[in-house]
Amino acid sequence: MSPASTGASASVDAVPPVRASDSDSDSRLTPGGPGYRRMSLALFLAGVATFALLYSTQALLPLISGEFGVAASEASWTVAAATGGLALFVLPMSALSERFGRRTVMTASLAVAVTVGMLVPFAPSLGALVVLRAVQGAALAGLPASAQAYLAEEVRPKALVTAIGLFVAGNSVGGMSGRVITGWVAQEWGWRVSVGVIGALAVACAVAFRLLLPAPRHFTAGSLRPRVLLGTVRDHLSDPLLRRLYAIGALFMTVFGGVYTVIGYRLTAAPFGLPQGIVGSIFLVYLVGAVSASAAGRLVGRLGRRGALYLAGGTTAAGLLLSLTASLVLVLAGLVLITAGFFAGHAVASSAVSKTATHGRAQASALYQSAYYIGSSVGSTVGALAFHANGWSGTVGVGLLAVLGVVTITVLGSRAARVAARREPVGAH
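Residues numbered from 1 in each chain as written. Predicted model: local features only at pLDDT ≥ 70, side-chain atom pairs only at ≥ 80, totals over all residues. Heavy atoms only, no water.

Going by an unreviewed UniProt entry, the protein chain carries the name MFS transporter and comes from Streptomyces olivaceoviridis. Here the protein chain is described in UniProt, under the heading Sequence similarities (unreviewed entry), as follows: "Belongs to the major facilitator superfamily." Taken verbatim from the UniProt record of the protein chain, the Subcellular location (unreviewed entry) comment is "Cell membrane". (UniProt positions renumbered as here; feature names shortened; annotations may be inferred.)

Caption draft 1: How the structure looks around the overall build of the protein chain. The secondary structure content of the protein chain amounts to 18 helices and zero strands. Taken against the 2.2 N^0.38 rule, which gives 22 Å for 429 residues, the C-alpha radius of gyration of the protein chain at 21 Å falls within 12% of a compact globule. Across its three principal axes, the protein chain shows a C-alpha extent of roughly 65 × 50 × 40 Å. Across the protein chain, every contact between residues at least 6 apart in sequence was considered, and the portion connecting residues at least 24 apart equals 84%. If you sum the accessible surface of the protein chain, you get close to 16,600 Å²; carbon and sulfur atoms cover 68% of it. For the protein chain, the separation between the mean place of its 30 positive charges and that of its 13 negative charges on side chains is 5 Å. (Helix = DSSP H or I, 4+ residues; strand = E, 2+ residues; numbered from the N terminus. Rg over C-alpha atoms; globule rule 2.2 N^0.38 Å. Contact = heavy atoms within 4.5 Å. Areas by Shrake-Rupley, 256 points an atom, 1.4 Å probe, with all protein chains shown as cover. Lys, Arg positive; Asp, Glu negative; His and termini not counted. Charge placed at Lys NZ, Arg CZ, Asp CG, Glu CD.)

Caption draft 2: Structural detail: the packing of aromatic side chains. This structure, assessed with the given rule, holds 10 aromatic pairs. Taking 4.7 Å as the distance between ring centres and 55° as the angle between the ring planes, the aromatic pair formed by F256 and Y260 counts as tilted. Linking F256 with Y260, this pair stays in helix 12 (residues 240–268), spanning four residues, or about one helical turn. Aromatic ring contacts, followed pair by pair, group F256, Y260, F342, F343, Y368, Y372 and Y373 into a single cluster. Taking the ring centre of F100 as reference, the NZ or CZ of R99 above it sits at 5.7 Å. (Phe/Tyr/Trp six-rings, centres within 6.5 Å; stacked < 30°, edge-to-face > 60°. Lys NZ or Arg CZ within 6 Å of the ring centre and 35° of its normal.)

Caption draft 3: Main features of the side chain of T78. Within the secondary structure, T78 sits in helix 5 (residues 77–100). Only 3.0 Å separates the side chain of T78 from the side chain of T57, close enough to count as a polar contact. Contacts of T78, omitting those with residues within four sequence positions, involve T57, L61, I64, L126, L129, V130 and R133. (Polar contact = N/O pair within 3.5 Å; in protein donor to acceptor, adjacent residues only side chain to side chain.)

Next comes the structure, spelled out in structure tokens:
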């Protein structure tokens, strides 16, 4: 999006954009090129901090339920409030990143989020904890959409899926490390100390992120005028492909949010009866998600975007069904498949959004992230209610319905693509 189209001036943290007339003069980052490794590590650490903070209470819900004397459906609000806050504020924060720069907004968001993170351990009641978590989620809203817009502007198109996959892999590692650390620390010192440790980890990641991330070279500032922003949002929502991608992201996250909000209750109860530290270690399966997200680019290259989404949905559904068994080994295998399918599907869908949007990339990514985290809030809340009503099979049922939605939307997308292909020669003639 050029300054002429937005009526805006250059960003405070950007240098003048570099035009790329051909591949030889394209100064955007590429694997093996200068700055790419620093950029990848910086955004990887940002992803670690984001997911570690966002889901810091998820593995601790049984302990939180015990301290405050509440059911799973009430304790789950400590997760749903954070993801809901992010979903509500991701679009306004993306607008700020269009005006003030991606790096500036990401840095400010992390600074506020880690500050709130150091206050969370001192929450005197469940209500106060939920409010703090909502504020933390709202602060983190500046990360996901801004990061994807930064990558879309600063990385060559052929490397974009891989670069976004690395950022998503950072999300995976952050989610894993946060839950594993909180599980073992909470077993010895309680949930309050464990979330404090996560806050300290996020501080370190935030500092390293700011030191490593290269200054943007291809950013041009946009407008904060409501008419311009609403027009951009309307353009994105009128695009059928983007609407489908937003829905797919929300449905995938509905599965993931429901499963990982409830799994702690299932594994600490009979017949498994696992201690909190072991339950936290279950989240090591997130490493599988890091691998599948990083491999999303190769997967799309072999199967195409829709083929990759079919595979991701099928893998997730197989994992849900496998988790219904009473065998701990098979339950763990099911979690591996759910995690691999989810992260692959998320990386494919989110990178497709960045490639599809031709302007207002931060808003396009923000709408995806908003849908994605609404799916997380819905999944954690509905999944917990289904668990309370029908046990683990109820949570699995919610997940299978969401996967069915992913497959249905992808099928409709395939049909729409075939219809467009048949019409194209007529239009060209």
